[in-house]
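# Structural characterization, general
Read off the chains here:
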Amino acid sequence: MIAPYALLGYMLGSIPFGLLLTRAAGLGDVRRIGSGNIGATNVLRTGRKSLAALTLLLDGGKGAVAVLLARHAGSAAADLAALFAVIGHLYPVWLGFRGGKGVATGLGVLLALAFPVGAACCLIWLAMAFWRKISSLAALTAFAAAPLLALLAGRDHAALVALAIAALVVFKHRANIARLRAGTEPRIRLSA
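Nothing here was measured: the structure is a model prediction, and the numbers come from that model.

## Observations regarding the overall build of the protein chain
Counting secondary structure elements, the protein chain contains 10 helices and 0 strands. The N-to-C order of helical and strand elements in the protein chain reads α-α-α-α-α-α-α-α-α-α. Against the compact-globule benchmark of 16 Å for 192 residues, the protein chain has a radius of gyration of 16 Å, which places it among compact chains. Principal axes of the C-alpha set define a box for the protein chain whose edges measure 45 × 35 × 25 Å. Across the 192 residues that make up the protein chain, the buried fraction comes to 47%. Residue pairs at least 24 apart in sequence account for 62% of intrachain contacts in the protein chain once pairs closer than 6 positions are excluded. Summed over its atoms, the accessible surface of the protein chain is roughly 9200 Å², and 69% of this surface lies on carbon and sulfur atoms. Looking at the protein chain, you have 19 positive and 5 negative side-chain charges, and the mean spots of the two groups are 10 Å apart.

Here's what the structure looks like:
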């Protein structure tokens, strides 16, 4: 029975760490600044790099934990938990189904499903973020590469999950893609 692992993944994925951390730090509702997103990039816009880093780790961690908890029930359960952890982050029940864009959670599930693939995607994200200073472009590049990297690594099941997650990430980045095409997408500041 793998259906409970979809629920487990969804519930873990729906924890809005960016919102919880910014509120706990006395910064109010992160959805009222910048992009209005609950993810690490928008938390970074508060000026609190430590909170952004913690959001990144916790959002990635919740995806990884969902996969690792489901893994003992087999690869199908782990795949389902992975996909639903990302869906939970994108559409959390607690926030009226308006969540983040799934980047950190997606990377977390890839790290847990197929570590070399997840690690390569993280490196691609970092390289693009430092080179172009645009978080959305880095995310789109990393997730576009994920299914191919999984296939090259011989991880067919991970390739299907990566393809589904990539489609979700691209869908959630529609407005970013339009701004990228127009040359108006905001840049991120990664250094001090």
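## Remarks on a nonpolar patch on the surface
Together, Leu7, Met11, Val93, Trp94 and Phe97 make up a nonpolar patch on the protein surface, roughly 500 Å² of accessible area in all. Within the secondary structure layout, phenylalanine 97 lies in the loop between α5 (75–90) and α6 (103–113). The exposure class of phenylalanine 97 is partly exposed, given its relative accessible area of 47%.

## Quick look at the pattern of salt bridges
On inspection of all chains with the given rule, the structure shows 4 salt bridges. In this structure, arginine 23 and aspartate 29 form a salt bridge, with 3.5 Å as the shortest nitrogen-oxygen distance. A relative accessible area of 46% places arginine 23 in the partly exposed class. Judged by its relative accessible area of 13%, aspartate 29 is buried. Through salt bridges with shared partners, one network takes in Arg23, Asp29 and Arg31.

## Things to note about the side chain of lysine 101
Mapped onto the secondary structure, lysine 101 falls in the loop between α5 and α6. There is a polar contact of 2.5 Å between the side chain of lysine 101 and the side chain of asparagine 176. Apart from the residues lying within four places of it in its own chain, the contact partners of lysine 101 are Asn37, His89, Leu90, Val169, Lys172, His173 and Asn176.

## Brief notes about the environment of proline 16
Take proline 16: it is sitting in the loop between α1 (3–13) and α2 (17–24). Since its relative accessible area comes to 7%, proline 16 is described here as buried. Taking the C-alpha atoms as reference points, proline 16 and valine 103, 87 residues apart in sequence, are found 13 Å from one another. With residues up to four places along the chain from it excluded, the contact list for proline 16 reads Ile38, Trp94 and Leu95.

## Section: the nonpolar core
Counting residues in hydrophobic clusters, the biggest one holds 42 residues, and the most contacted among them are Val67, Val103, Val109, Cys121, Trp125, Phe143 and Ile165. Considering every element that reaches this core, the biggest residue donor is helix α9 (residues 156–172), with 8 residues. Apart from the residues lying within four places of it in its own chain, the contact partners of isoleucine 165 are Leu83, Val86, Gly106, Val109 and Phe143. Grouped together as the second largest cluster of nonpolar side chains are 8 residues, Leu19, Leu21, Ile38 and Val43 included.

Basis of the calculations
Residues numbered from 1 in each chain as written. Predicted model: local features only at pLDDT ≥ 70, side-chain atom pairs only at ≥ 80, totals over all residues. Heavy atoms only, no water. Helix = DSSP H or I, 4+ residues; strand = E, 2+ residues; numbered from the N terminus. Rg over C-alpha atoms; globule rule 2.2 N^0.38 Å. Buried < 20%, exposed > 50% of the residue type's maximum accessible area, 1.4 Å probe, protein only. Contact = heavy atoms within 4.5 Å. Areas by Shrake-Rupley, 256 points an atom, 1.4 Å probe, with all protein chains shown as cover. Lys, Arg positive; Asp, Glu negative; His and termini not counted. Charge placed at Lys NZ, Arg CZ, Asp CG, Glu CD. Patch = residues over 30% accessible without salt bridge, like charges linked within 9 Å, V, L, I, M, F, W, Y side chains within 5 Å. Salt bridge = Lys/Arg side-chain N within 4 Å of Asp/Glu carboxyl O. Polar contact = N/O pair within 3.5 Å; in protein donor to acceptor, adjacent residues only side chain to side chain. Core = buried A, V, L, I, M, F, W, Y, C linked by side-chain atoms within 4.5 Å.

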